[in-house]
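Coordinates in review
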Amino acid sequence: MIRAVLPHPILAAGLFAAWLMLSGPVSPGDVAMAVVAALTIPHVMRLLEPDRSGVRAPGALLRLVGYVAVDVLRSNYAVATIILGRRRRERVSGFMHVPLDLRNRYGLAVLAIILTSTPGTLWVQYDRPTGRLLLHVLDLIEEQEWIDLIKGRYERLLLEIFP
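The model shown is predicted, which means the values in this text are computed figures rather than measured ones. (Residues numbered from 1 in each chain as written. Predicted model: local features only at pLDDT ≥ 70, side-chain atom pairs only at ≥ 80, totals over all residues. Heavy atoms only, no water.)

1. With respect to the sheet that holds strand β2 (residues 121–127)
Overall, antiparallel pairing links the 3 strands, which are arranged β1-β3-β2 in an open sheet. If you trace the sheet from one side to the other, it starts and ends with β1 (94–99) and β2, each paired once. Taking each pair of neighbouring strands and ignoring which way they run, the sheet shows an average axis angle of 25 degrees. Across 6 bridges, the pairing between β1 and strand β3 (residues 132–137) is antiparallel. Considered in β3, the bridge of Met 96 is made with Leu 135. Running over the sheet, helix α6 (residues 143–161) touches β1, β2 and β3 and is turned about 45 degrees from β1. (Pairing = 2+ DSSP bridges. Helix = DSSP H or I, 4+ residues; strand = E, 2+ residues; numbered from the N terminus. Axes fitted to C-alpha atoms, helices over the stretch in contact; angles between N-to-C directions. Contact = heavy atoms within 4.5 Å.)

This is the structure in structure tokens:
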């Protein structure tokens with residue numbers, strides 16, 4: 001019965017609370033708008049109803065988190081040395097294509113977050129029919145090394161987590 005009125009009750013409660021917190025001094029109009037938002041937005045979410053996706057390999061997830069943490073720190077240092085001009089050689093930035101076997105949309109979303117949050121790399125475009133990722137790299141020395149890193153370090157684990 002309650003699911004018919006509130007298909008996502010936690011979302012509704014969060015929306016209601018967030019609306020009131022963001023509105024400043026609470027007025028009757030703010031409470032009415034919070035109720036309207038809390039009752040309508042969960043119904044929109046019901047129409048979207050995303051696929052349920054669970055974590056299939058918690059060990060792989062923990063390894064992935066560790067790899068990403070180390071790589072982000074390493075990349076921060078590398079980008080800082082480039083920006084501060086401590087490297088003697090000329091920096092070459094560029095675009096490259098990475099062929100991906102990963103097709104799960106949640107896995108692709110996690111990979112996009114990983115690559116974009118790592119300093120010096122940016123997810124530019126993904127071509128779903130071919131599975132090719134266009135990536136921009138700040139310090140592109142050897143393209144094959146980047147492909148091997150992404151496929152061997154991230155994609156392999158994401159395929160375990162999101163088959």
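Back to the write-up after that little detour.
2. Here's the deal with the side chain of Asn 104
Summarising the element assignment, Asn 104 is placed in the loop between β1 and α5 (105–117). Here the side chain of Asn 104 touches Tyr 106 through a polar contact of 2.8 Å, landing on its backbone nitrogen. Residue contacts for Asn 104: discarding those within four places in its chain leaves Phe 162 and Pro 163. (Polar contact = N/O pair within 3.5 Å; in protein donor to acceptor, adjacent residues only side chain to side chain.)

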